[in-house]
Amino acid sequence: MPISPEDRRLFLKNTSGLDNGFRAGGKLQQPAYYHWLEYLFHSLMKDQAVRQLFQQLAAWDMYTYRHSFDVFLLGSLAAHRLEWPNIREMACGLLLHDIGKTAIPRTVLTKQTSPTVAEWNMLKSHARQGYSILKDHGFSELISSMAYRHHERLDGSGYPNGVPASKLEDPVRLLSVLDVYSALSLNRPYLRAVSPLQAVQLLQKEAGSLDPEYIRFFCEFLGIFPAGSTVQLTNGTTAVIIGCDDISSTLPLVRDIRTHETFYLPVDQTLRISRWIDPL
Ligand SMILES: [Fe+2]
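How each quantity is defined
- Throughout this document, residue positions are counted from 1 along each chain, in the order its sequence is written.
- For a predicted model such as this one, the threshold for reporting local features is a pLDDT of at least 70, and the threshold for listing and counting side-chain atom pairs is 80 or more; totals across whole chains, interfaces and linings nevertheless cover every residue.
- Boundaries of every domain are those given by an automatic assignment or by a domain database.
- A residue pair is marked as a contact if its C-beta atoms, positioned from the backbone, fall within 7 Å.
- Here a strand is any run of E in DSSP of at least two residues, a helix any run of H or I of at least four, and the numbering for each starts at the N terminus.
- Classification convention: Asp, Glu, Lys, Arg as charged; Ala, Val, Leu, Ile, Met, Phe, Trp, Tyr, Cys, Pro as nonpolar; all other residues, Gly among them, as polar.
- Note on terminology: a nonpolar core is any set of buried Ala, Val, Leu, Ile, Met, Phe, Trp, Tyr and Cys residues joined through C-beta atoms within 7 Å.
- Exposure criterion: with C-beta atoms placed from backbone coordinates, a residue whose C-beta has 20 or more other C-beta atoms within 10 Å is buried, one with 12 or fewer is exposed, and one in between is partly exposed.
- The criterion for strand pairing is that DSSP finds at least two bridges linking the strands in question.
- Interaxial angles span 0 to 180 degrees and are taken between N-to-C directions of axes, which are lines fitted to C-alpha atoms, for helices over the stretch in contact.
- Between 65 and 115 degrees an angle is taken as roughly perpendicular, under 35 as roughly parallel, over 145 as roughly antiparallel, and anywhere else as oblique.
- By convention, the crossing between two helices is left-handed when the near helix turns anticlockwise from the far helix through less than a right angle, and right-handed when the turn is clockwise.

Novice: Help me understand the domain arrangement of the protein chain in this model?
Specialist: Quite often, the size of an interface is put as the accessible area lost when its parts meet. Here the domain parsing of the protein chain yields domain 1 (5-222) and domain 2 (230-276). Each of domain 1 and domain 2 has a C-alpha centre, and the two are 31 Å apart. Across the contact, 6 residues belong to domain 1 and 5 residues belong to domain 2. Every element with two or more residues in the side of domain 1 that touches domain 2 is listed here: helix 11 (196-205) and helix 12 (212-222). In terms of residue class, the side of domain 1 that touches domain 2 is built from 3 nonpolar, 1 polar and 2 charged.

Novice: So what exactly am I meant to see when it comes to the nonpolar core here?
Specialist: In summary, soluble globular proteins display a tendency toward joint burial of nonpolar side chains. Residues Leu96 and Val177 are the most contacted members of the largest nonpolar core, which totals 66 residues. Considering every element that reaches this core, the biggest residue donor is helix 4 (residues 62-81), with 9 residues. Shared between two domains, this core holds at least three residues of each, these being domain 1 (5-222) and domain 2 (230-276). Dropping the residues within four chain positions of it, leucine 96 is found in contact with Val50, Leu53, Leu134, Ile143 and Ala147.

Novice: Can you help me understand the pairing of strand 1 (residues 230-233) in this one?
Specialist: Along any regular strand the residues' side chains alternate between the sheet's two faces. Across 3 bridges, the pairing between strand 1 and strand 2 (residues 238-243) is antiparallel. Bridging from a neighbouring strand, glutamine 232 pairs with threonine 238 of strand 2. What sits between strand 1 and strand 2 in their antiparallel hairpin is a turn of 4 residues, with glycine 236 showing a positive phi close to 90°.

Novice: Got a minute to help me understand the environment of glutamine 204 in this structure?
Specialist: Inspection of the secondary structure assignment puts glutamine 204 in helix 11. Residue glutamine 204 is classed as partly exposed on the basis of its C-beta count, with 15 C-beta atoms lying within 10 Å. With 54 residues separating them in the primary sequence, glutamine 204 and arginine 258 have C-alpha atoms 28 Å apart. The residues contacting glutamine 204, other than those within four sequence positions of it, are Ile215 and Pro226.

Novice: Which parts of the structure should I look at to understand the packing of helix 10 (residues 170-185) against helix 12?
Specialist: Helix-helix packing: each pair is described by the crossing angle between the helix axes and the interaxial distance. Two numbers describe how helix 10 lies on helix 12: the axes approach to 9 Å, and their chain directions differ by 55°. Overall, the two elements helix 10 and helix 12 adopt an arrangement that is oblique. Crossing angle aside, the handedness with which helix 10 passes helix 12 is right-handed. Contacts between helix 10 and helix 12 involve Arg173, Leu174, Val177 and Tyr181 from the former and Tyr214, Ile215 and Phe218 from the latter. Tallied by class, residues from the contact of helix 10 with helix 12 come to 6 nonpolar, no polar and 1 charged.

Novice: Where do I start with the sheet that holds strand 3 (residues 253-256) in this structure?
Specialist: Picture the strands of a sheet paired through backbone hydrogen bonds; they go either parallel or antiparallel. Spatial ordering of the open sheet is given by 4-3-2-1-5, a layout of 5 strands whose pairing is antiparallel. Looking at strand neighbours, the two that pair on one side only are strand 4 (262-264) and strand 5 (273-276), the edges of this open sheet. Strand-to-strand twist in this sheet, taken as the mean axis angle between neighbours without regard to direction, amounts to 40°.

Novice: Would you explain the environment of leucine 134 in this entry?
Specialist: Relative to the elements of secondary structure, leucine 134 occurs in helix 8 (residues 126-136). A count of 26 C-beta atoms within 10 Å places leucine 134 in the buried class. In the structure, leucine 134 is positioned 61 residues away from leucine 73 in sequence and 20 Å away in space, judged by C-alpha atoms. In this structure, leucine 134 is in contact with Leu96, Ile99, Phe139, Ile143, Ser144 and Ala147, ignoring residues within four places of it in sequence.

Novice: So what exactly am I meant to see when it comes to unusual backbone geometry here?
Specialist: Trans is the prevailing form of peptide bonds, just as negative phi is the prevailing case for residues other than glycine. With an omega dihedral of 10°, the bond running from tyrosine 159 to proline 160 counts as a cis peptide bond. Positive phi is not limited to glycine here, since histidine 260 has a value of about 65°. Secondary-structure assignment places histidine 260 in the loop between strand 3 and strand 4. Positive phi, close to 60°, is recorded for glutamine 269, a residue that is not glycine. Mapped onto the secondary structure, glutamine 269 falls in the loop between strand 4 and strand 5. On the basis of neighbour count, glutamine 269 is assigned to the exposed category, with 11 C-beta atoms found within 10 Å.

Novice: Looking at this structure, how should I read the pairing of strand 2?
Specialist: Bridge analysis of strand 2 against strand 3 gives 4 bridges, and the strand direction is antiparallel. Note on strand 3: the bridge partner recorded for alanine 239 is aspartate 256.

Shown next, in the form of structure tokens:
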């Protein structure tokens, strides 16, 4: 199935500006991943209901539209890495997880100051509204529940229902992690983004309300590891991450635990991290 020129352009337009090198772990710079995502996006857009809803999102709130596309990219790549079945269904849920925002007044969505209690309740209702919109369009329970539950938290502190961890499926757990990462690391009209490194550090503080296993998986996926982590390098050396900075977050300073030699991972990537040894 060839990709239409229209969808090729739309994908390119949506992708450009989202990835400042490492926001998606450098995957978008790899042609195989780029074309796989482009094809996946096109296959979703062939469904008229998906296309119509995604266009509605673009017309209603450009930030939510960009964020939704970003979550689609990150989540689809993550699901691919995890070798999950039904990636297309999951990808659809990722792309439309915030569709309920189209039912929220624009004045409330784009307000520059803190929302009132009534406005906050209105904002929170996008999860329920999204579920209704997707169900009304005949989408599956998984896709609809991704919209309904992406703000639920493992410790029951989320909304709309404060459901316990036992009721939160894996796609929702992963989506919640990506949703927070995307929200932190994408520029908003009135809020500057933090770097991928800072976003990951903030995510790690949320382990408990967000799934620690998926946070760990996502750090590995991005190639950003917290200071103190023990890792194995591609030459078999075991090392401890000493730290890294925003510019080279995937090229940390490490210490060889046997020789105590301290060095930065090289820019040419001749020596890389192969796996994370210690748990979060
Ligand atoms: Fe949301």
